[in-house]
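Fold and geometry: a report
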Amino acid sequence: MNKNKHLIELSESTSTDFGRVNFSDQSDAQRVFSAIWELEGQVNNGGFDQYLRNCETDIILHAPTALKTIGANNCATIVGSAIDLLSPFPPDCDARSDAIDDASDDIDDRLNALDSQFFAYPDDIHELLFAFVANHSREFGELPGSENSG
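Scope of this entry: the structure provided in the associated data block. (Residues numbered from 1 in each chain as written. Predicted model: local features only at pLDDT ≥ 70, side-chain atom pairs only at ≥ 80, totals over all residues. Heavy atoms only, no water.)

1. Overview of the nonpolar core
Our working rule: Definition used in this section: a nonpolar core is a set of buried Ala, Val, Leu, Ile, Met, Phe, Trp, Tyr and Cys residues joined via side-chain atoms within 4.5 Å. The cut-offs for exposure are 20% and 50% of the maximum accessible area for each residue type, with area from a 1.4 Å probe on protein chains only; residues under the lower value are buried, those over the upper are exposed, and the others partly exposed. Put simply, DSSP H or I for four residues or longer makes a helix, DSSP E for two residues or longer makes a strand, and each gets a number counted from the N terminus. In what follows, residue pairs with any heavy atoms lying within 4.5 Å of each other are defined as contacts.
Grouped together as the largest cluster of nonpolar side chains are 42 residues, with contacts concentrated most on Phe48, Tyr51, Leu67 and Leu129. Sort the elements by how many residues they give to this core and helix α2 (residues 28–54) lands first, with eleven residues. Ignoring any residue separated from it by four or fewer positions in sequence, one finds Leu67 in contact with Ile36, Leu39, Ala72, Asn73, Cys75, Ala76, Val79 and Ile125.

2. Re the packing of aromatic side chains
What counts here: The rule is short: rings of Phe, Tyr and Trp, with Trp giving its six-membered ring, pair when the centres are within 6.5 Å, and they are stacked under 30 degrees, edge-to-face over 60, tilted in between.
Considering all chains together, one arrives at seven aromatic pairs under this definition. Pairing Phe118 with Tyr121 gives two aromatic rings, centres 5.4 Å apart and planes at 50 degrees, and the pair type is tilted. Taking relative accessible area as the criterion, Phe118 reaches 0% and is therefore assigned buried. The partly exposed category is assigned to Tyr121, whose relative accessible area is 27%. Members of the aromatic cluster, each reached through a chain of ring pairs, are Phe48, Tyr51, Phe118, Phe119 and Tyr121.

3. With respect to the packing of helix α3 (residues 57–70) against helix α4 (residues 73–84)
For the record, the criterion: Axis definition: a line fitted to C-alpha atoms, limited for helices to the stretch in contact. Angles are taken between N-to-C directions and run from 0 to 180 degrees. Roughly parallel covers angles under 35 degrees, roughly antiparallel covers those over 145, roughly perpendicular covers 65 to 115, and oblique covers all other angles. Helix crossings are classified by the rotation of the near helix relative to the far one: an anticlockwise turn of less than a right angle makes the crossing left-handed, while a clockwise turn makes it right-handed. Nonpolar residues are Ala, Val, Leu, Ile, Met, Phe, Trp, Tyr, Cys and Pro. Charged residues are Asp, Glu, Lys and Arg, and all others, Gly as well, are polar.
Close contact between α3 and α4 brings their axes to 7 Å; oriented N to C, the two are set at 165 degrees. Taken together, the axis directions place α3 and α4 in an arrangement best described as roughly antiparallel. Of the two elements, α3 crosses α4, and the hand of that crossing is left-handed. Contact with α3, carried on its side by Ile60, Leu61, Ala63, Pro64, Leu67 and Lys68, involves Asn73, Cys75, Ala76, Val79, Gly80 and Ile83 of α4 and no other residues of that element. Split into classes, the residues belonging to the contact of α3 with α4 amount to nine nonpolar, two polar and one charged.

Structure, rendered in structure tokens:
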């Protein structure tokens, strides 16, 4: 079974709030899914530079908690390190873009190093997210091949 395919299909369905409901209005389980799915999409497309520039502040700041919730503690540390590079954390996308543009080359180098660490996938995010979704079938519905506990 291709668990990543099922997660992609789920992300595009009405079984998730991802991209359809304001992040602050989502349930805890939906916020976990949305934060991780947004992180994965943005970082894999353009690294932490793109992620920090393009995502909403509340989603970014929730990502380490969401990763810890599914057991992706190593990835949570990496994301937390990227967030810490912009301390104090700018309140919106424009301010973050300005902060990144104004930052030293050292920040770019550190973001690139964090990209490499993330791309090494020290935690199997897809496996962990699939298990999380399967364990929250009331929120996300039944997934093929999963053993749902509630």
